[in-house]
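Here are the chains, one letter per residue:
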Amino acid sequence: DAGVIQSPRHEVTEMGQEVTLRCKPISGHNSLFWYRQTMMRGLELLIYFNNNVPIDDSGMPEDRFSAKMPNASFSTLKIQPSEPRDSAVYFCASSLGEKRGGYTFGSGTRLTVV
Amino acid sequence: GDSVTQMEGPVTLSEEAFLTINCTYTATGYPSLFWYVQYPGEGLQLLLKATKADDKGSNKGFEATYRKETTSFHLEKGSVQVSDSAVYFCALRGTGSQGNLIFGKGTKLSVKP
């Protein structure tokens, strides 16, 4: 199994530009999570999906952030327009959804907004 | 609500020293407990887990025992190596309707040769 695949690994963009981060979960996993990690705030859950349906987006910082999961094998996190304070590492994780199991994380996308 | 508290770092040890990273939790019912490790520049990896009281999770020389009476899941290793330098996260997954992973703030471990 290739694990959770995120792209790109690194993204540098100018303030005001649109940024799209991509995630392919593990085949058969029915829950998908987007996290943001910064030195100041640690790991923050932004949004999660069960069976492609967004369940809780209360962690999304503001309307500039949006996430979609059009099918079981693909999800995107979009920031439009981006700001320097969005600079962070963004992780995608997936799980089987059963209550006793853990999550499998991707390698993350390091976003730098200049 | 459910929460996880782990010792603040950074923790600096010499190679072959004994490691303990404390983790306590607050949760209703019987959550599952996890330790994740994050090596520099990488994502979080599951290190070990325990799903019921008195279970011991173990992997790569690390161990943690699910202690219901003290609501703890301390991580231990008898002899650390330089390659163990990483950030360690304690987490729980509750039994509620959502049951999402809740992470502690992480403890950075540096092992010196």
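Here the structure is a predicted model, which is why all the values come from computation and not from measurement. (Residues numbered from 1 in each chain as written. Chains lettered and ligands numbered in written order. Predicted model: local features only at pLDDT ≥ 70, side-chain atom pairs only at ≥ 80, totals over all residues. Heavy atoms only, no water.)

*Asks:* I'm lost on the pairing of strand β6 (residues 44-50) of chain B in this one. Help?
*Replies:* When a strand is regular, its side chains alternate between the sheet's two faces. All names here are of chain B. With six bridges joining them, strand β5 (residues 32-38) and β6 adopt antiparallel strand pairing. Bridge pairing in β6 places glutamine 38 opposite leucine 44. Hairpin geometry of β5 and β6 is characterised by an intervening segment of five residues between the two adjacent antiparallel strands and by a positive phi of about 75° at glycine 41. (Pairing = 2+ DSSP bridges. Helix = DSSP H or I, 4+ residues; strand = E, 2+ residues; numbered from the N terminus.)

*Asks:* Hey, could you run me through the state of the cysteines in this one?
*Replies:* One pass over the structure, following the stated rule, counts two disulfides over all chains. Through a disulfide, cysteine 23 of chain A is tied to cysteine 92 of chain A; the S-S separation comes to 1.9 Å. What sets the handedness of the cysteine 23 of chain A and cysteine 92 of chain A disulfide is the S-S torsion sign, and at about -70° it is left-handed. Here the residue cysteine 23 of chain A occupies a position in strand β3 (residues 19-24), and cysteine 92 of chain A occupies one in strand β9 (residues 88-95), the gap between them amounting to 69 residues. Given the relative accessible area of 1%, cysteine 23 of chain A is considered buried. Using a relative accessible area of 0% as the deciding quantity, one classes cysteine 92 of chain A as buried. The disulfide bridge from cysteine 23 of chain B ends at cysteine 90 of chain B, spanning 1.9 Å between sulfur atoms. Disulfide cysteine 23 of chain B to cysteine 90 of chain B: torsion about the S-S bond roughly -70°, handedness left-handed. (Disulfide = S-S within 2.5 Å. Buried < 20%, exposed > 50% of the residue type's maximum accessible area, 1.4 Å probe, protein only.)

*Asks:* What's the story with the packing of aromatic side chains in this structure? I'm lost.
*Replies:* The geometry of an aromatic ring pair is captured by the separation of the ring centres together with the interplanar angle, meaning the angle of the planes. All names here are of chain A. Using the criterion set out here, one finds twelve aromatic pairs over all chains in the structure. Look at phenylalanine 91 and phenylalanine 105: their rings are 6.3 Å apart centre to centre, the planes differ by 80°, and that puts the pair in the edge-to-face class. Of the two residues, phenylalanine 91 is situated in strand β9 and phenylalanine 105 in strand β10 (residues 104-105); the sequence distance between them amounts to 14 residues. For phenylalanine 91, a relative accessible area of 1% gives the class buried. (Phe/Tyr/Trp six-rings, centres within 6.5 Å; stacked < 30°, edge-to-face > 60°.)

*Asks:* Help me out: how do you make sense of the interface of chain B and chain A in this one?
*Replies:* A common way to report how large an interface is uses the accessible area buried once the components associate. Counting residues at the interface gives 23 residues for chain B and 20 residues for chain A. Counting each side, the surface lost to burial between chain B and chain A is near 1,600 Å², with a carbon and sulfur contribution of 46%. Contact with chain A buries surface across chain B, with Leu44, Arg93 and Asn100 of chain B losing the most and accounting together for 32% of the total. Counting across the chain B and chain A interface gives four residue pairs in polar contact (both at pLDDT 80 or more). Where the side of chain B that touches chain A is concerned, the elements lending two or more residues are β5, β6, β10 (86-93) and β11 (101-103) of chain B. Of the residues that constitute the side of chain B that touches chain A, the class distribution is eight nonpolar, twelve polar and three charged. (Contact = heavy atoms within 4.5 Å. Buried area = accessible area lost by both parts, 1.4 Å probe. Polar contact = N/O pair within 3.5 Å; in protein donor to acceptor, adjacent residues only side chain to side chain. Nonpolar A, V, L, I, M, F, W, Y, C, P; charged D, E, K, R; others polar.)

*Asks:* Just checking my understanding: could you explain the nonpolar core for this structure?
*Replies:* Most often, soluble globular proteins have nonpolar side chains that are buried together. By size, the foremost hydrophobic cluster in this structure holds 26 residues, and its most contacted members are Trp35, Leu47, Leu48, Phe73, Leu75 and Tyr88 of chain B. Listed by contribution, the elements that provide at least two residues to this core are β2 (11-14), β3 (19-21), β4 (23-26), β5, β6, β8 (62-65), β10 and β12 (107-112) of chain B. At four residues, the largest contribution of residues to this core is made by β10 of chain B. Excluding anything up to four places from it in sequence, leucine 75 of chain B contacts Leu19, Thr20, Ile21, Trp35, Leu47, Leu48, Phe62, Glu63, Ala64 and Tyr88 of chain B. Counting 21 residues, the second-largest nonpolar core is a separate cluster that includes Ile26, Ile47, Met60 and Cys92 of chain A. (Core = buried A, V, L, I, M, F, W, Y, C linked by side-chain atoms within 4.5 Å.)

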